[in-house]
Amino acid sequence: MVNFDALIAALWIIPAVAIILMLALRLPHLAEYLNLLTSIAVFGLTLAILVAVPDKALVTGEQYILLTPLGAWVLFCVGLVYLLASIYAIGYMRLLPEEKPRLHKYYALQAGFALTMLIAPLMNNPGIFWIAIDFTTIVSAFLVGFEKEAECIEAAWKYLIVVSAGLALALLGIILFYWGGTFVLGPTYALTWANLREIAPKVPETLLFLAFLLTLVGFGTKVGLAPMHTWLPDAHSEGPAPVSAMLSGALLNIALLGIYRFLSIVDSGGYSLMGHTALLVLGVISLFVAGLFIVRQDGAKRMLAYSSLEHMGVLAIGFGFGGPIAFAGAMYHMVNHSMNKSLMFFGAGNMMRAYGTKSMSKMRQVLRYYPVTGALWLLGAVAITGAPPFGLFLSELTILRGGILSPNPWAVWVMAILLILIFIAFMNHFRRMIWGPEPEPDEVPTLNLSLWNSLPMWLALIPVLVLGLWWPSGLWGFFQQAFMVQP
Amino acid sequence: MLIFHLGPLATSLFSLLAILALVLSFVMLASHWLKNHVYAFAAESWTIAAISASIGYYGHYPELYIIAALTALFRGTFLPYLVLRLVKRLDIQREFTPLLKPSSSMIIGAALVIFSYEVSRQLGVALHLTDNIAVLALTCMFSLKLIGFLMMILRSEAISHILGLLVIENGIFLGSQILVPGMPALLELVIIFDLLTIVMAFGMLVRFLQTHAGTTSSRGLQKLVG
Amino acid sequence: MLGDIVLQCGQVLTVMFLAPLLHGFITTVEERVQRGKGPSIFQPYRDLWKLFNKSLLVPESATWVFFWAPVVAFTAMLIVPMLIPVLTNFPLPLSDMGDILGGGLILTLGSFFILLAGLDTGQPFGGLGSSRAVMLGILAEPTLILVFVGITFLDHSMLPFVANHLLAKNPVAYWSPAHIFLILAFFILLTVETDRLPIHSTIPYEIYMIDEARILEYSGPLLALLKWASWMKQFIFYTIFLNVFLFPWGLSTTGSFPSVLLALLIILAKYGVIGLLMVGVDTMQSRLRFYRYQEPLALSFLFAVLAIVADQL
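This text gives an overview of the structure that appears in the document. (Residues numbered from 1 in each chain as written. Chains lettered and ligands numbered in written order. Predicted model: local features only at pLDDT ≥ 70, side-chain atom pairs only at ≥ 80, totals over all residues. Heavy atoms only, no water.)

1. Overview of the overall build of chain B
Piece 1. Within chain B one finds seven helices and zero strands.
Piece 2. In sequence order, chain B lays out its α and β elements as α-α-α-α-α-α-α.
Piece 3. In terms of overall size, chain B behaves like a compact globule, its C-alpha atoms giving a radius of gyration of 18 Å where 226 residues would be expected to give roughly 17 Å.
Piece 4. When burial is assessed residue by residue, chain B has 62% of its 226 residues classed as buried. (Helix = DSSP H or I, 4+ residues; strand = E, 2+ residues; numbered from the N terminus. Rg over C-alpha atoms; globule rule 2.2 N^0.38 Å. Buried < 20%, exposed > 50% of the residue type's maximum accessible area, 1.4 Å probe, protein only.)

This is how it looks when you write it as C-alpha cells:
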C-alpha cells in the first residue's frame, strides 16, 4: 500500500519550499535550476501517484483530499507540462536579457502556478476546488502580464476580469447544489463531490439543471469554451511561451475536470442526457469558433490559442458523448494535447524570438534558417491537427468512434468536418511559413537557439509519435477503470 | 431549506435588509461618481453583515456572528478602503463614458429584478417552498448578480469592473447566508480571503495598466482583437 | 347619514380652504430659510381675493377651451377629496363612486384641460409649457399608476380607505419593504406633481417654467381658479401621501365633532411637517437640467417596481 498522504504532501511542499528559496535568495541563475529540479521532482511524484492510484476513489486528509484515476491523470498532465515548460523556460528566458534581474520572480511565479494546479484536482470539496481554480487564475494572470508590455497587461487584465466573472457564476452554481442538498441531508452537511452525487436523485430537476448550467458556464469560462472564450486567445498569446504551454496544456484540463465532476452529479441525478448534450453543444460551438478564427489568423501564438480552444472543444465533445470509448479517447486526447500543445508553443516562442515578430506572415523560410526546430515545429503542427501517425489522430478517432454509439451521433459529423477545416487552415499557414518568399534582408533571423530551446520539443514530440503508433494496452485498461470510478 | 421559522416582523426585517442591499446596488448603477460607488458598496457589505448577524441570532448559528464581523471588517471596510485608495491613486473621479444614461440603466436594472423574481418564483414553485424568504433571497442573489454584470457591461473604467465583480460576489454571499446558513464556515472564510487576494491582484494590475498601457478604460484597450 | 354628508362636505371644504394655507406656509418658510422675510402665510388668500376682484382679459385667439379649462380643473379638485380619506378613516356616502385609480384619473383630467388651455391660445409659452408638462407626464403617470398598483397588491383592494386601515393597524404591513419603497416612490412623485425641485424651478423665469407657462395667458378670476386648483392638487397629493401611505393614523374614526376637530389639528401638524421636508428639498436640491429630468422619475419607477416585487414575497 502506497502512502498517498506522504506523496501528496511532498507534491505540495517541494514547490512551496522552492518558491520560498527563490524569493529569499533572489539569484536568477539559481532560480532556473531550482525550478527545473522542482519540476523533475513534481513530475516524478505525479507519475508515482498515477502508477499507484487505486481503482476506486480514495478520500484522505481529513476528508479534504480526493484521489481518483481521472484526477491522477490530470495531475500527471500538470506534472508533465510543468517539466517540459521548466526545461524550455531556461532557454526562452535567456533570450530575454532585459528580464534577467527579475528572473527569480518569474520562476517563483511559475512554480506557484504549478503548485496551485497541483492542489486543485485533489480537492474533495467543490467549494475549495473552486477557490483553488481562482488562485490559479490570479497567479497565472501575473505570469501573463510578466513582460509588462501594454499588450501583456491588457491580456492579463482581460483574463482576470472575464475569468473571475465567469467563476462567480460557478460559485453560485455550487451554492445552489448545496442548497438542493439541504432539502435531503439537513441544513449542515459536508460539501463533497460524493455527497452531492448522493443527493442528486432527490433534488428537483429544475434546481439541478440551473445549478449545473451555472457551473458549466462558470468553469466553461475557465476552460475557454466558446462563447466564453474571449480571454483565451489574448492570455495564451501574450504570456511568455512556457506560460502559454502551461495555461493551455495543464490548466484547461483542470477546469474541464471540474465540469466533468459536476456532470457526474447530474448523471447520478438521472438527467444524464441533458447534461451531456449541454457540454457537447458548447464543445461543438468551440470547435466552430476556433475553426473560423484559425483560418484568418496571423499571430503565431494566437493561432495556437485558438487551437487550444479547438482541442478543448474536442475534449468537451468527448466527455459529452459519454460512454467508455469516447471517455477513453478524451483522456488519451488530454495527455496528447498537453504534450503536443507545449511543443507548438515552444516552437512558436523560438520563432517569435528569432524573427522578432509575432506575425506568421513575417516568419519565412523557417526550415532553411532553423532546420531542426522548424522541422520539429512542422511535425508538431501536423500532429496537432490530428493527422496520423501521431497520438491525437488516435484519440480523436476514438472519440468519433465513441460518438457514433452515443445519443448524439450528429455531433460526430460536425466534429469531423470542422477538424478537416482546421487541418487545412493550419497547413496553409505552415505552407506559407516554409515555402513562402524570402524574408526581407533586414528581417533575416540571426539568433542561435540553444539546446534548451530544442530539447523540450524533442521530449514532447517523441512521446506523441510513440503514443500514435502504439496505444499501450495497460493504458486502455486504466481508462476503462477510470470510467467506472466516480470522478 | 430554512430550518428556523421566522415571525412576521423578522420576515419584514429580513426582506428589508435584503432589498436594501439591492437598492444600494442601484445607487452604484445610477451614480456617476466612483467614490459614491465605493461607499454604496461598503454600505451594501454592512447590510449583508447585518443579515448574517440576524440569521445567526434567529437561527442560532453562533459562527455566523464571526462571519458577520469579518464581512463588516473585510468587505465593508478593508475592501472599500483598498478600492478608494486605488481611485485616489489613479485620480479618476467619475465614470465618463457610460454607455447608457443612468435613468435608462436603472430601468434595465428594474427589468432584471423582475426577471430574477420570475426565475426565483419558478424555482420556488418547483421546490414547493412554503416560506417566501427563500424566494426573496434567490431574487436578491440573481438580481445583484445581473446588476453586477450590467455594471461591468455598461462601464468602461477598470475600477467599475472591479466593483461590478464585487457586487456579484456580494450577491452570492447574501444569498448563501440566507439559503444555506449551515454551510461550513471554513468555506465562507476562505471565500472572504480569496476575494481579498483577488482585489489586491486587481489593484496591482490596474496600476500596471496605467503605467504600461497608459489607460484604465476598456475603451482604450483595443490592441488585442481577432 | 346626515352627519356623513356633512362630513363629506367638510372634507371638500377642508381641502378647499386649507390648500392656500399650505402653499403660503411653504412659501414663507422657504423665504425664512433663505434668510428672507417672506410674505405672511395667509398671502395666498389675499391673492385669491385680489384676483377674483379683477376684470378678465381674454386673448383674441381663445376658444371655449380657454374658459372651460379652469372650471374643469377646479371641479376635478373638488371631486377627488370625496374619494380619499381626508378627515375620516371610513368611507363616506359618495366615497365609493371611484377607487384610487379613479381619483388619479380625475386628477389627470384636470391637468389635461390646463394643458389644452395652454395650447389653445396659440402663444409660444403656453405651447412650451404644455409640451414640457406632457413630457413629464409620460414618465410620471405610469409610475403613479405603478404606485397605486403596488398599494393595491399590498391591501388587495383598490380603495384608499382599506389601505389606510391595513397600514394603521398592522405594523408588519407598515414596515414591510413593499410599503417603504412605495413611500419613497411616492415621495419622488410628490416633488414632481407639486412643482418642486429637482425638476420644477422655484424661480418664475420663462426658460425654467413648466406648469406656470401654461397659464401665462390667464388673468382675473380664471387665473384665481387655476391657482387655487393647483394648490388644491398639492393638498390632495399630500393627503394621499400622508393619510394613505406615510401616516395613516390620527384621522377621525367615529365621525363625531370633537374627533373631526382633532383630526383637523393633526392634519395641520403633519402637513406642516411634510411642508418643512419639502422646504428642505427645495433648499438643498439644485434644479436638474431638463434633459436629466427622467432620472428622479426613473428612480421612482425603480422603487415602485421593487415594491411590487417585494409585495409578492
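2. Observations regarding the interface of chain C and chain B
Piece 1. Listed by partner, the interface residues are 20 residues for chain C and 22 residues for chain B.
Piece 2. Taking both partners together, chain C and chain B bury about 1,900 Å²; carbon and sulfur atoms supply 84% of that area.
Piece 3. Viewed at the interface, chain B and chain C are joined by zero salt bridges.
Piece 4. Broken down by secondary-structure element, the contributors of at least two residues to the side of chain C that touches chain B are helix H8 (177-193) and helix H12 (294-312) of chain C.
Piece 5. Ranked by residue count, the leading element in the side of chain C that touches chain B is H12 of chain C, at 12 residues.
Piece 6. Its residues placed into classes, the side of chain C that touches chain B shows 16 nonpolar, three polar and one charged. (Contact = heavy atoms within 4.5 Å. Buried area = accessible area lost by both parts, 1.4 Å probe. Salt bridge = Lys/Arg side-chain N within 4 Å of Asp/Glu carboxyl O. Nonpolar A, V, L, I, M, F, W, Y, C, P; charged D, E, K, R; others polar.)

3. Describing the interface of chain B and chain A
Piece 1. Taken residue by residue, the interface counts 50 residues in chain B and 48 residues in chain A.
Piece 2. The contact between chain B and chain A buries some 4,600 Å² in all, and 81% of this surface belongs to carbon and sulfur atoms.
Piece 3. Taken together, the connections running from chain B to chain A amount to three residue pairs in polar contact (both at pLDDT 80 or more).
Piece 4. With 17 residues, the single largest contributor to the side of chain B that touches chain A is helix H7 (residues 185-213) of chain B. (Polar contact = N/O pair within 3.5 Å; in protein donor to acceptor, adjacent residues only side chain to side chain.)

4. Side note on the arrangement of the chains
Piece 1. Here two pairs of chains make contact, and the pair sharing the most contacts is chains A and B.
Piece 2. Between chain A and chain C there is no contact, and the shortest C-alpha to C-alpha separation is 19 Å.

5. Re the side chain of Lys233 of chain C
Piece 1. Tracing the backbone shows Lys233 of chain C in helix H10 (residues 220-246).
Piece 2. Setting aside anything within four residues of it in sequence, one finds Lys233 of chain C in contact with Met77, Leu107, Ser111 and Glu193 of chain C.

6. Notes on the environment of Val86 of chain C
Residues and elements named next belong to chain C.
Piece 1. Turning to its location among the elements, Val86 is positioned in the loop between helix H3 (64-83) and helix H4 (100-120).
Piece 2. Sequence-wise, Val86 and Tyr218 are 132 residues apart; in three dimensions their C-alpha atoms are separated by 30 Å.
Piece 3. Leave out the neighbours within four places in its chain, and Val86 touches Gln11, Thr14, Val15, Pro81, Thr239, Asn243, Leu251 and Ile267.

7. Some points on a nonpolar patch on the surface
Residue and element names in this part refer to chain A.
Piece 1. Nonpolar side chains collect at one region of the surface, where Val372, Trp458, Ile462, Leu465, Val466, Leu469 and Trp470 lie side by side and expose about 690 Å² of accessible area between them.
Piece 2. Element by element, the count of residues in the nonpolar patch is highest for helix H18 (residues 451-469), at five residues.
Piece 3. With respect to the helices and strands, Trp470 occurs in the loop between H18 and helix H19 (473-484).
Piece 4. The exposed category is assigned to Trp470, whose relative accessible area is 54%. (Patch = residues over 30% accessible without salt bridge, like charges linked within 9 Å, V, L, I, M, F, W, Y side chains within 5 Å. Areas by Shrake-Rupley, 256 points an atom, 1.4 Å probe, with all protein chains shown as cover.)

8. Thoughts on the pattern of salt bridges
Piece 1. Inspection of the entire model under this criterion finds 10 salt bridges over all chains.
Piece 2. Across the pair Arg102 of chain A and Glu99 of chain A runs a salt bridge whose closest N-O atoms are separated by 2.8 Å.

9. A short note on unusual backbone geometry
Piece 1. Following Ala226 of chain A, the chain continues into Pro227 of chain A via a peptide bond in cis, with omega recorded as 0°.
Piece 2. Looking at the element boundaries, Pro227 of chain A is found in the loop between helix H8 (205-223) and helix H9 (231-238).
Piece 3. Along the chain, Pro388 of chain A connects to Pro389 of chain A via a cis peptide bond; the corresponding omega equals 5°.
Piece 4. Note on placement: Pro389 of chain A falls in the loop between helix H15 (371-384) and helix H16 (391-404).
Piece 5. The backbone of Gln365 of chain A sits at a positive phi, close to 55°, despite the residue not being glycine.
Piece 6. Relative to the helices and strands, Gln365 of chain A is located in the loop between helix H13 (324-355) and helix H14 (366-369).
Piece 7. Even without being a glycine, His60 of chain B presents a positive backbone phi close to 60°.
Piece 8. With respect to the helices and strands, His60 of chain B occurs in the loop between helix H2 (34-59) and helix H3 (63-90).

10. Let's talk about H2 of chain B
Piece 1. The end-to-end C-alpha separation of H2 of chain B is 37 Å, in line with the 38 Å expected for 26 residues at 1.5 Å each.
Piece 2. With its phi angle positive at about 60°, His60 of chain B sits one or two positions after the end of H2 of chain B. (Expected span 1.5 Å × (residues − 1).)

11. A word on the nonpolar core
A general tendency of soluble globular proteins is for nonpolar side chains to be buried together.
Piece 1. Trp73, Trp157, Trp179, Trp377 and Phe426 of chain A together with Phe186 and Phe245 of chain C are the most contacted members of the largest nonpolar core, which totals 380 residues.
Piece 2. Per element, the largest residue contribution to this core is 22 residues, and it comes from helix H6 (residues 150-185) of chain A.
Piece 3. When neighbours within four sequence positions are excluded, Phe245 of chain C is seen to be in contact with Val147, Ile151, Leu167, Tyr174, His179, Leu182, Ile183, Phe186 and Ile240 of chain C. (Core = buried A, V, L, I, M, F, W, Y, C linked by side-chain atoms within 4.5 Å.)

12. Some thoughts on the packing of H6 of chain A against helix H6 (residues 158-179) of chain B
Piece 1. It is at 10 Å that the axes of H6 of chain A and H6 of chain B come closest, and there the two elements cross at 10°. In terms of axis orientation, H6 of chain A runs roughly parallel to H6 of chain B. From H6 of chain A, Trp157, Ile161, Ser164, Ala165, Ala168, Leu171, Leu172, Ile175 and Trp179 of chain A reach across to H6 of chain B, where they touch Ala158, His161, Ile162, Leu165, Ile168, Glu169, Ile172, Ser176 and Leu179 of chain B.
Piece 2. For the contact of H6 of chain A with H6 of chain B, the residue count by class is 14 nonpolar, three polar and one charged. (Axes fitted to C-alpha atoms, helices over the stretch in contact; angles between N-to-C directions. Parallel < 35°, antiparallel > 145°, perpendicular 65-115°, else oblique.)

13. Considerations on the packing of aromatic side chains
Residues and elements named next belong to chain A.
Piece 1. With the rule as written, the count across this model stands at 52 aromatic pairs over all chains.
Piece 2. Centre to centre, the rings of Phe129 and Trp193 are 5.7 Å apart; their planes meet at 75°, and the pair counts as edge-to-face. Pair noted here: Phe129 is in helix H5 (residues 126-144) and Trp193 is in helix H7 (residues 193-199), with a separation of 64 residues, a long-range link. Like Trp193, Phe129 is buried.
Piece 3. Geometrically, the ring pair formed by Phe293 and Tyr306 is stacked, given 4.8 Å between the ring centres and 5° between the ring planes. With a gap of 13 residues between them, Phe293 in helix H11 (residues 272-295) and Tyr306 in helix H12 (residues 300-321) connect regions that are remote in the sequence.
Piece 4. What makes Tyr306 buried here is its relative accessible area of 3%.
Piece 5. Here a set of aromatic residues connected by ring pairs shows up, and it is made of Phe43, Trp73, Phe76, Tyr332, Trp471, Trp476, Phe478 and Phe479.
Piece 6. The cationic tip of Arg102 hangs over the ring face of Phe146; the distance from NZ or CZ to the ring centre is 4.1 Å. (Phe/Tyr/Trp six-rings, centres within 6.5 Å; stacked < 30°, edge-to-face > 60°. Lys NZ or Arg CZ within 6 Å of the ring centre and 35° of its normal.)

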